[in-house]
Amino acid sequence: MTNPGPPEALLTVEGLVKHFPITKGVLRRQVGAVQAVDGLTFDVRTGETLGVVGESGCGKSTMGRLITRLLEPTAGRIEFEGRDITHLGVSGMRPMRRDVQMIFQDPYSSLNPRHTVGTIVGAPFRLQGIAPEGGVKKEVQGLLELVGLSPEHYNRYPHEFSGGQRQRIGIARALALKPKLVVADEPVSALDVSIQAQVVNLLDDLQDELGLTYVIIAHDLSVIRHVSDRIAVMYLGKLVELTDRTSLYTAPAHPYTKALLSAVPVPDPRRRTQRKRILLNGDVPSPISPPSGCRFRTRCWKSAEVCSEQEPPLLELRTGHQVACHFPE
Amino acid sequence: MSEQTGEVFLSVRDLKIHFDTDDGLVKSVDGISFDVRRGSTLGIVGESGSGKSVTSLGVMGLHRTARARISGEVHLDGEELIGADPDRVRRLRGSKMAMIFQDPLSAMHPYFTVGAQIVEAYRVHHAVDRRTARKRAVELLDRVGIPQPDRRVDDYPHQFSGGMRQRAMIAMALVNNPELLIADEPTTALDVTVQAQILDLIRDLQKEFGSAVIIITHDLGVVAELADDILVMYAGRCVERGPAEALFTRPRHPYTWGLLGSMPRIDREQTDRLIPVKGSPPSLINVPEGCAFNPRCPYADVPEGGLTRTERPELTPVPGDDGHHSACHLAHEERTRIWTEEIAPKL
Ligand SMILES: Nc1ncnc2c1ncn2[C@@H]1O[C@H](COP(=O)(O)OP(=O)(O)OP(=O)(O)O)[C@@H](O)[C@H]1O
Ligand SMILES: Nc1ncnc2c1ncn2[C@@H]1O[C@H](COP(=O)(O)OP(=O)(O)O)[C@@H](O)[C@H]1O
Ligand code: SF4
Ligand code: SF4
Ligand SMILES: [Mg+2]
Ligand SMILES: [Mg+2]
């Protein structure tokens with residue numbers, strides 16, 4: 001993308017990079033780096049749900065932690081509502097923390113077992129020094145109701161709740177300060193299907209009710225299809241495809257996206273015999289020494305000489321459909 | 001159960017596995033029955049804690065704690081395993097029946113090379129020298145798609161990627177040509193592209209060896225890909241079983257409807273909300289009386305006389321649908337009506 005994003009962009013990310021240094025010896029000399037995220041450019045539009053998919057280790061969580069500024073980027077630029085937040089320090093970020101919140105994957109470890117639900121969900125008020133009208137307790141009880149828990153749960157502890165209920169507690173905490181952007185990292189992947197559906201519907205209702213903007217990170221392509229307006233596909237620290245939901249699932253243009261979609265088991269035994277599956281060879285290469293040129297070339301059936309020499313830039317193939325491939329479909 | 005006929009190789013009848021714990025008696029498996037034929041695949045689905053793994057470990061004779069109370073019948077190729085001599089069961093395990101787990105690291109020893117472990121598994125059941133056994137190990141690693149198997153055979157498990165470890169464990173399970181293979185969530189920890197490779201591998205191997213396979217998973221997509229027959233578990237019991245096609249196209253149990261309604265679809269554009277099941281699965285110490293699903297079931301009040309809350313529904317044949325059984329007090333005509341009029345149109 002050449003222009004800095006359409007006016008409705010809530011968050012704009014340009015050339016975002018995160019390299020984790022690998023050090024050796026007592027002097028902690030740097031001998032290399034994990035290129036977890038390597039040059040992402042995209043925007044998140046007000047009111048939309050941007051889904052982010054990709055296989056384990058491709059940099060999804062790192063991206064989420066960068067845009068919520070829980071991690072310091074190595075390079076690149078992050079703008080929230082037009083304001084550069086790339087290098088804001090702790091105090092500079094404090095007002096921003098209200099607007100940008102994160103929901104984590106594991107409803108078991110992300111809640112402090114020694115704190116009551118009231119303390120956990122009320123924490124953002126204390127941290128931000130905010131006194132809601134009517135008091136923290138009343139506000140927290142309202143939040144519990146909003147996410148489908150009972151206000152009487154206020155004095156209970158996390159271990160007294162099921163996985164789905166704990167995820168609701170995490171969501172209530174994230175919503176306490178009425179954020180504009182919620183980044184959810186695998187919000188339902190630890191949950192059973194029947195509970196997963198409850199939480200997916202809850203996120204959906206809350207978006208409508210509160211006008212939230214979501215970035216939802218998940219490896220489950222069925223969940224992503226259901227929740228997203230637009231979808232970004234990542235491979236080894238790079239964005240390989242970014243488009244609206246319908247185009248991605250009906251006309252994927254990047255070979256990796258095609259392979260990924262064809263690999264998902266379809267819950268319909270009658271379709272079993274008709275399916276054409278693209279089986280990829282081998283494993284994802286190490287992000288410490290990724291392949292030259294196109295990072296997918298070691299597993300791509302279309303790979304040609306140019307693919308090892310030149311990195312394919314993320315370009316607009318059709319309106320609103322961006323792909324990083326020398327030979328898109 | 002399916003049209004892919006071979007003789008029944010594994011037959012399980014009224015299997016119960018209860019555990020004595022400090023909190024009370026956990027009824028992990030509470031009377032389940034099924035058959036698996038040679039050359040066919042049974043898929044067992046259910047949410048976490050529904051008793052899937054306890055069932056499979058029970059078949060394999062792997063509940064060795066004194067706190068486990070096991071009853072019922074497990075016939076492997078006609079031979080009764082419940083109450084059989086533990087040495088006999090140990091000999092069958094790894095030869096006639098084998099298991100692959102979700103986490104390969106739990107099945108493999110970190111301090112021995114992958115090859116050494118496959119060699120060991122082979123030599124337990126075959127009187128051959130190390131060189132012959134090693135040749136067999138390399139051959140199997142090759143068969144499951146490990147590149148450069150003659151070199152990788154000397155690697156340690158941690159030197160393999162997750163997908164490769166899963167393949168190595170499959171190689172180890174197959175080394176003695178088992179006639180029954182149980183795969184407990186074999187791909188849950190893997191990425192979809194790797195999952196696709198492993199599912200293909202299991203399917204090919206089954207074709208090649210004509211073995212009976214049980215695949216246990218919480219993923220309805222995985223069973224739809226692989227299984228000839230499906231068994232749905234809820235709170236330690238089977239609520240519905242039958243041919244895969246019947247379970248997906250004309251399910252006759254409210255819990256199965258709930259699973260299908262909860263599932264976001266990869267294969268179609270769907271703008272409607274999901275239809276979740278309310279509440280969460282019960283603790284197996286305090287299983288609800290009557291039908292275990294009644295606190296979560298939208299139809300619990302439909303059958304006359306509150307039957308649902310006092311009497312446990314037995315698994316009965318679905319009229320006119322060969323091999324299809326379900327356990328629900330609702331009248332069959334009523335269930336057919338609900339499925340065709342209320343549920344199917346929303347999926
Ligand atoms: N603090 C860190 N130090 C070093 N490397 C890291 C660190 N955090 C992440 N990485 C590496 O960066 C890469 C991307 O990790 P990330 O957690 O973003 O992946 P992910 O896409 O979220 O994967 P998953 O689907 O498994 O959650 C991985 O190779 C990971 O090992
Ligand atoms: N050794 C044991 N002692 C007591 N309870 C057990 C034991 N093993 C499993 N359980 C319980 O049995 C139930 C079924 O477990 P399991 O079969 O592992 O479920 P899943 O369907 O997820 O595989 C769970 O409630 C579990 O806690
Ligand atoms: S750039 Fe080349 S290697 Fe990369 S995805 Fe496209 S065709 Fe494949
Ligand atoms: S027996 Fe009653 S509670 Fe159980 S599934 Fe049938 S209708 Fe629902
Ligand atoms: Mg992650
Ligand atoms: Mg299990």
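Note that this is a predicted model, so its numbers are computed, not measured. (Residues numbered from 1 in each chain as written. Chains lettered and ligands numbered in written order. Predicted model: local features only at pLDDT ≥ 70, side-chain atom pairs only at ≥ 80, totals over all residues. Heavy atoms only, no water.)

## Digging into the site of ligand 4
Looking at ligand 4, the residues that line it are B:His253, B:Pro254, B:Cys291, B:Phe293, B:Asn294, B:Cys297, B:Tyr299, B:Ala300, B:Thr308, B:Cys328, B:His329 and B:Leu330. By residue class, the composition of the shell around ligand 4 is eight nonpolar, four polar and no charged. (Near = heavy atom within 4 Å. Nonpolar A, V, L, I, M, F, W, Y, C, P; charged D, E, K, R; others polar.)

## Structural notes on the UniProt feature "domain: ABC transporter" (unreviewed entry) in chain A
Following the UniProt record, the feature "domain: ABC transporter" (unreviewed entry) maps to residues 11–261 of chain A here. With 37% helix and 28% strand, the stretch residues 11–261 of chain A has end C-alpha atoms that lie 28 Å from each other. (UniProt positions renumbered as here; feature names shortened; annotations may be inferred. Helix = DSSP H or I, 4+ residues; strand = E, 2+ residues; numbered from the N terminus.)

## Focus: the interface of chain B and chain A
Taken together, the contacts link 45 residues of chain B with 41 residues of chain A. A buried area of about 3800 Å², summed over both sides, lies between chain B and chain A, and 53% of it is on carbon and sulfur atoms. The tally of links between chain B and chain A comes to five salt bridges. For B:Glu269, the salt bridge is made with A:Arg245, and the minimal N-O distance between the two is 3.1 Å. Linking chain B to chain A there are 17 residue pairs in polar contact (both at pLDDT 80 or more). The element that contributes the greatest number of residues to the side of chain B that touches chain A is helix H8 (residues 192–209) of chain B, accounting for eight residues. (Contact = heavy atoms within 4.5 Å. Buried area = accessible area lost by both parts, 1.4 Å probe. Salt bridge = Lys/Arg side-chain N within 4 Å of Asp/Glu carboxyl O. Polar contact = N/O pair within 3.5 Å; in protein donor to acceptor, adjacent residues only side chain to side chain.)

## Details of helix H3 (residues 117–128) of chain A
Residue and element names in this part refer to chain A. Within the sequence span of H3, burial applies to Val 117, Gly 118, Ile 120, Val 121, Gly 122, Pro 124, Phe 125 and Gln 128. Against the buried residues of H3 lie helix H2 (90–99), helix H4 (136–146) and helix H5 (163–175). Phi for Gly 129, located one or two positions after H3, is positive at around 60 degrees. (Buried < 20%, exposed > 50% of the residue type's maximum accessible area, 1.4 Å probe, protein only.)

## Thoughts on the pattern of salt bridges
By the definition in use, this model includes 43 salt bridges over all chains. Across the pair A:Asp268 and A:Arg270 runs a salt bridge, and its minimum N-O distance is 3.1 Å. Each of the salt bridges in this network shares a partner with another, and the network as a whole consists of B:Glu7, B:Arg38, B:Asp77, B:Lys96 and B:Glu179.

## Examining the layout of surface pockets
Residue and element names in this part refer to chain B. The calculated volume of the second largest pocket comes to roughly 700 Å³. If you go around the second largest pocket, you meet 25 residues; those closest to its centre are Arg 93, Gly 94, Ala 107, Ala 121 and Met 172. The greatest single-element share of the lining of the second largest pocket, amounting to six residues, is contributed by helix H4 (residues 114–125). (1 Å grid on protein atoms, 1.4 Å probe; cavity = no way out; pocket = protein on both sides within 12 Å on 5 of 7 lines; lining within 4 Å. Points joined across faces, edges and corners; volume = space filled by probe spheres on them.)

## Quick word on the environment of B:Thr310
All names here are of chain B. Along the chain, the position of Thr 310 falls in helix H12 (residues 307–310). A relative accessible area of 55% means that Thr 310 is categorised as exposed. In this structure Thr 310 touches Glu 289 and Gly 290, once residues within four positions along its chain are discounted.

## Regarding the sheet that holds strand S6 (residues 97–100) of chain B
Residue and element names in this part refer to chain B. In space, the eight strands of this open sheet follow the order S6-S7-S8-S3-S9-S10-S12-S11, with mixed pairing throughout. With one partner strand each, in any of the chains shown, S6 and strand S11 (316–317) form the two edges of the open sheet. Looking at chain direction, strand S9 (residues 229–234) and strand S10 (residues 237–243) are connected through six bridges and run antiparallel. Within the sheet, the bridge partner assigned to Leu 231 lies in S10 and is Arg 241. (Pairing = 2+ DSSP bridges.)

## Examining the site of ligand 1
Residues and elements named next belong to chain A. Contacts to ligand 1 come from Phe 20, Val 34, Ala 36, Glu 55, Ser 56, Gly 57, Cys 58, Gly 59, Lys 60, Ser 61, Thr 62 and Pro 287. Backbone polar atom of Cys 58 to an oxygen atom of ligand 1: 3.3 Å apart, as the coordinates give it. Taking Lys 60, its side chain carries an N or O atom lying 2.7 Å from an oxygen atom of ligand 1. Contact with the protein chains hides 61% of the accessible area of ligand 1, taken as 630 Å² for the molecule alone. Among the elements that take part in the shell around ligand 1, helix H1 (residues 60–67) stands out by supplying three residues, more than any other. Of the residues that constitute the shell around ligand 1, the class distribution is five nonpolar, five polar and two charged. (Areas by Shrake-Rupley, 256 points an atom, 1.4 Å probe, with all protein chains shown as cover.)

## What about the domain arrangement of chain B?
Domain assignment breaks chain B into domain 1 (111–172) and domain 2 (252–346). Distance from the C-alpha centre of domain 1 of chain B to the C-alpha centre of domain 2 of chain B: 45 Å. (Domains from an automatic or database assignment.)

## Notes on the packing of aromatic side chains
Each aromatic ring pair is specified by the distance between its two centres and by the angle formed by the two planes. Inspection of every chain in the model, using the stated rule, returns seven aromatic pairs over all chains. Look at B:Tyr234 and B:Tyr255: their rings are 4.5 Å apart centre to centre, the planes differ by 55 degrees, and that puts the pair in the tilted class. On the criterion of sequence distance, the pair formed by B:Tyr234 in strand S9 and B:Tyr255 in helix H11 (residues 254–262) is long-range, its members being 21 residues apart. In terms of burial, B:Tyr234 and B:Tyr255 fall into one category: buried. A ring pair is formed by B:Trp257 and B:Tyr299, whose centres lie 5.7 Å apart and whose planes are at 90 degrees; its orientation type is edge-to-face. Residue B:Trp257 is located in helix H11, and its partner B:Tyr299 is located in the loop between H11 and H12; the two are separated by 42 residues in the primary sequence. A single burial state applies to B:Trp257 and to B:Tyr299, both of which are buried. The aromatic ring of A:Tyr154 is capped on one face by A:Lys137, whose charged end is 5.0 Å from the ring centroid. (Phe/Tyr/Trp six-rings, centres within 6.5 Å; stacked < 30°, edge-to-face > 60°. Lys NZ or Arg CZ within 6 Å of the ring centre and 35° of its normal.)

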